[in-house]
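Survey of secondary and tertiary structure
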Amino acid sequence: MSPKSQRVLVTGGAGYIGSHTLPELMMAGHEVHVIDDLSNGHGVALERCRQIVGRDFGFSEADIRDAARVSEVIRAFGPDVVIHFAGLKSPSESIEKPDLYREVNVIGSLRLLDAMRAGGCQRLVFSSSAAVYGPPDFLPISEDHPRRPTTPYGASKAEVEDILVQEAAKDTTLTCAILRYFNPVGAHASGLIGEHPQDIPTNLVPYIVDVARGRLPRLNVFGDDYGTPDGTGVRDYIHVTDLARAHVAALDWTAGATGAREFNLGAGEGTSVRDLIRTFETATGRDIPFVVAPRRPGDVASSYADPGRAERELKWKAELTLTDMCRSAWAWGARNPEGYA
Ligand code: UD1
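So, a few notes on the structure that sits alongside this text.

**Thoughts on the sheet that holds strand β1 (residues 7–11)**
Taken in spatial order, the 7 strands line up as β3-β2-β1-β4-β5-β6-β11 in an open sheet, and their pairing is parallel. Every interior strand has two partners, whereas the edge strands, β3 (58–61) and β11 (259–265), have only one. Neighbour-to-neighbour, the strand axes of the sheet open up by a mean angle of 20 degrees, direction not taken into account. Both strand β4 (residues 81–84) and strand β5 (residues 123–129) contribute to a ladder of 3 bridges, which runs parallel. Residue I83 lies in a different strand from β5, and its bridge partner there is V125. In the packing of helix α6 (residues 152–170) onto the sheet, the strands contacted are β5, β6 (175–181) and β11, and the crossing angle to β5 comes to about 155 degrees.

See the structure below:
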């Protein structure tokens with residue numbers, strides 16, 4: 001139910017969530033242009049998106065910090081709205097390189113915002129993270145939960161959020177949807193795009209996929225003595241396609257709203273590590289051997305969203321199941337053992 005076709009600039013469109021958002025945008029009738037420096041994204045992912053939709057779109061290889069180049073792209077494309085995915089996303093790496101995370105995520109976003117506004121674009125959809133919350137005081141986590149990020153990564157997202165809220169308060173023509181992602185997993189139904197594997201994955205689902213294909217011997221379950229129903233960590237897993245569709249809904253929202261507003265994007269359901277292993281095994285028919293290992297430093301017992309605001313105001317809600325997430329992650333992983341390489 002898109003109001004009308006929009007010109008959408010997508011930064012970081014060659015990354016995991018960005019690439020899944022491109023087909024949804026184009027299928028909703030929007031015209032897309034991607035900026036990506038391909039440091040973490042993949043040119044092949046863009047090719048595959050073209051293949052999925054059967055339509056071309058523009059692409060500029062550029063670093064988000066390169067103000068001159070970004071301004072030039074904005075002037076040439078003339079976006080109605082920007083979806084800003086580009087950024088660094090590893091909490092553990094951010095502890096080693098806090099300055100880099102500030103430079104790319106905060107300064108990069110500021111420069112983009114300046115370039116947008118200079119080019120007459122006043123609508124932004126920003127990729128934030130549940131990492132802004134830190135250890136939860138209460139569950140499910142609603143948008144007014146206090147923010148106490150525990151890593152420079154989470155802090156960089158919180159800082160951009162603050163800037164957007166302040167700027168939108170000063171300038172009532174600026175509209176920002178701030179999207180706080182919980183745990184995105186899974187892959188596109190076509191099996192053509194998915195999460196490009198790291199050497200040794202740190203996130204749970206990519207690790208399980210590597211165990212399923214025999215690349216890793218077994219999963220280490222980080223702690224089974226948490227105060228959760230089965231003792232293992234509980235998270236809010238959301239299918240990356242549902243997440244992608246939330247961006248289309250947020251884009252529509254920016255057309256009719258003013259100000260900056262935060263939205264949790266999760267399924268609103270807690271799933272334990274053991275639940276996930278069981279569902280993956282049933283969905284794919286693969287065995288996932290595991291051992292219980294010590295807790296991972298910095299992990300919380302439980303984290304899941306109250307996604308009610310997104311449902312009410314964005315008219316969006318996660319629809320795909322944990323089985324869909326596992327099946328699609330495996331379909332992609334089995335078909336593309338080297339990812340896009
Ligand atoms: C992590 C990041 C978070 C980021 C999210 C993106 C940290 C502290 N947090 O969240 O900022 O937004 O990824 O997806 O890095 N687990 C195992 N064995 C493994 C891997 C994970 O048991 O090999 C468990 C974890 O203890 C946790 C759950 O699986 O209970 C999910 O872990 P993970 O996929 O790494 O996500 P988060 O820690 O929630």
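Don't stop here, the text continues.
**Observations regarding the site of the ligand**
Surrounding the ligand, one finds 18 residues, the nearest of these being L204, N220, R235, R296 and D299. In the environment of the ligand, a nitrogen atom lies 2.7 Å from a nitrogen or oxygen atom belonging to the backbone of N220. Residue R235 places a side-chain N or O atom 2.5 Å away from an oxygen atom belonging to the ligand. Computed on the free molecule, the ligand has an accessible area of 740 Å², of which 83% lies beneath the protein chains in the complex. Breaking the shell around the ligand down by element, the ones donating at least two residues are α7 (204–212) and β8 (219–222). Per-class residue counts for the shell around the ligand are 9 nonpolar, 6 polar and 3 charged.

**A closer look at α7**
Counting buried positions along α7 gives 9 out of 9 residues, so the element sits mostly inside the fold. What α7 keeps buried is the set L204, V205, P206, Y207, I208, V209, D210, V211 and A212. Phi for G214, located one or two positions after α7, is positive at around 80 degrees.

**Focus: the pattern of salt bridges**
Oppositely charged side chains are able to pair whenever their charged atoms sit close together. This model, assessed by the stated rule, comprises 26 salt bridges. As a salt-bridge pair, R245 and E24 come within 3.2 Å of each other at their nearest N and O atoms. Here E24 lies in helix α1 (residues 16–27) and R245 lies in helix α8 (residues 240–256), a separation of 221 residues in the sequence. For E24, a relative accessible area of 9% translates into the label buried. E167 is the salt-bridge partner of R117, the closest N and O atoms lying 2.9 Å from each other. Remark: E167 occurs in helix α6 and R117 occurs in helix α5 (residues 98–118); sequence separation between them is 50 residues. Note on R117: relative accessible area 24%, which makes it partly exposed. Via salt bridges that share partners, R117, E167, K170 and D171 belong to a single interconnected network.

**Considerations on the environment of H20**
Relative to the elements of secondary structure, H20 occurs in helix α1. On a C-alpha basis, the gap between H20 and D242 in space is 9.5 Å, while along the polypeptide they are 222 residues apart. Here H20 is in contact with A187, H188, I193, G194, V240, T241 and A244, once residues within four sequence places are set aside. Polar contacts involving the side chain of H20 include one to the main-chain carbonyl oxygen of Y16, which spans 2.7 Å.

**Section: the side chain of T254**
Its place among the elements puts T254 in helix α8. When its relative accessible area of 2% is taken as the criterion, T254 is described as buried. Looking at T254, its side chain comes within polar contact range of the main-chain oxygen of L251, at 2.7 Å. Filtering out sequence-adjacent residues up to four positions away, T254 remains in contact with V81, R123, L124, V125, T175 and A177.

**Quick notes on the packing of aromatic side chains**
Any two aromatic rings considered together are summarised by their centre-to-centre distance and by the angle between their planes. Scanning all chains against the criterion turns up 5 aromatic pairs. Here the aromatic rings of Y133 and F182 are separated by 6.3 Å at their centres, their planes lie at 35 degrees, and the arrangement is tilted. With Y133 in the loop between β5 and α6 and F182 in the loop between β6 and β7 (183–185), the pair connects residues that are 49 residues apart, well separated along the chain. Overall, Y133 belongs to the buried group, its relative accessible area being 0%. Looking at F182, the relative accessible area reads 6%, which means it is buried.

**Considerations on the environment of A334**
Inspection of the secondary structure puts A334 in helix α11 (residues 322–335). With a relative accessible area of 43%, A334 lands in the partly exposed category. In the structure, A334 is positioned 189 residues away from H145 in sequence and 39 Å away in space, judged by C-alpha atoms.

Definitions and limits used
- Each chain carries its own residue numbering, running from 1 in the direction its sequence is written.
- pLDDT decides what is reported in this predicted model: residues at 70 or higher carry local features, side-chain atom pairs at 80 or more are listed and counted, and totals for whole chains, interfaces and linings draw on all residues regardless.
- Side-chain calculation: all heavy atoms of the structure are included, whereas hydrogens and water are not.
- Being paired, for any two strands, means DSSP has found at least two bridges between them.
- Helix and strand definitions here come from DSSP, where helices need a minimum of 4 consecutive H or I residues and strands a minimum of 2 consecutive E residues; each element is numbered from the N-terminal end.
- Fitted lines through C-alpha atoms give the axes, limited to the stretch in contact for helices. The angle between two N-to-C directions lies from 0 to 180 degrees.
- Throughout, a residue-residue contact means that at least one pair of heavy atoms, one from each residue, lies within 4.5 Å.
- Consider each residue's heavy atoms; a residue with any of them within 4 Å of a molecule or strand counts as near.
- By the criterion applied in these results, polar contacts are pairs of N or O atoms within 3.5 Å in which, for protein atoms, one can donate a hydrogen and the other can accept it, and in which residues neighboring in sequence qualify only through two side-chain atoms.
- Surface exposure here means Shrake-Rupley accessible area, sampled with a 1.4 Å probe, where a residue is shielded only by the protein chains that are shown.
- As a working rule, the residues Ala, Val, Leu, Ile, Met, Phe, Trp, Tyr, Cys and Pro are called nonpolar, Asp, Glu, Lys and Arg charged, and the rest polar, with Gly in that last group.
- Partly exposed residues are those whose accessible area sits between 20% and 50% of the maximum for their type, while under 20% is buried and over 50% is exposed, using a 1.4 Å probe and protein chains only.
- The term salt bridge refers to a side-chain nitrogen of Lys or Arg lying within 4 Å of a carboxyl oxygen of Asp or Glu.
- Classification of ring pairs uses Phe, Tyr and Trp, with its six-membered ring standing for Trp, and accepts pairs whose centres are within 6.5 Å; under 30 degrees between planes counts as stacked, over 60 as edge-to-face, and the remaining range as tilted.

Functional significance is not addressed by these values, which are geometric in nature.
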